[in-house]
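These are the residues of each chain, in order.
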Amino acid sequence: MPGNNLFEKLSCEGLPPGPDLPAQQPRLGRVVLRREKAHRGGKTVIVVYDFAPQVSNAKIEALASQLKKACGCGGTVKGREVEIQGDQPSRIRTLLTAEGFQVAGVK
């Protein structure tokens, strides 16, 4: 159907430039926080788990180190889960969000 294309005469000339959008940090996926006390002698830990497959083990190790420094406490990586000692979910949530994760679970 020649001549029936409504958009063939449109042109971008004379239009103002679009807005400059800030560069968005790539999303690294969703992680979940859970509070555990069982089998820990009454001590509380926050477990960060459910990392996306594209997040490497090295990235998880580096993230655990950052979390331990930010919270001023100990922690460990077991498998693809990060355990942070103490009950500080708000600090952990803030850091994970700043790193580009969507955080669910304990508030």
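So, a few notes on the structure that sits alongside this text. Predicted, not measured: the structure shown is a model, and the values here were computed from it. (Residues numbered from 1 in each chain as written. Predicted model: local features only at pLDDT ≥ 70, side-chain atom pairs only at ≥ 80, totals over all residues. Heavy atoms only, no water.)

Side note on unusual backbone geometry
Quick note on the threshold: Each helix is a run of DSSP H or I of at least 4 residues and each strand a run of E of at least 2, with the numbering of both proceeding from the N terminus. The rule is simple: take the accessible area with a 1.4 Å probe, protein chains only, and divide by the maximum for that residue type; under 20% is buried, over 50% is exposed, in between is partly exposed.
Positive phi is not limited to glycine here, since His39 has a value of about 60°. Tracing the sequence through the fold places His39 in the loop between strand E1 (30-36) and strand E2 (45-49). His39 gets classed as exposed once you look at its relative accessible area, which sits at 85%. One non-glycine residue, Asp50, lies in positive phi territory at about 70°.

So, the pairing of strand E3 (residues 75-78)
The side chains of a regular strand alternate between both faces of the sheet. Note the cut-off: Two strands qualify as a pair provided DSSP detects at least 2 bridges between them.
Here E3 pairs with strand E4 (residues 81-85) via four bridges, running antiparallel. Counterpart to Thr76 in the pairing with E4 is Glu83. From the end of E3 to the start of E4, which pair antiparallel, there are two residues, and Gly79 there has a positive phi angle of about 65°.

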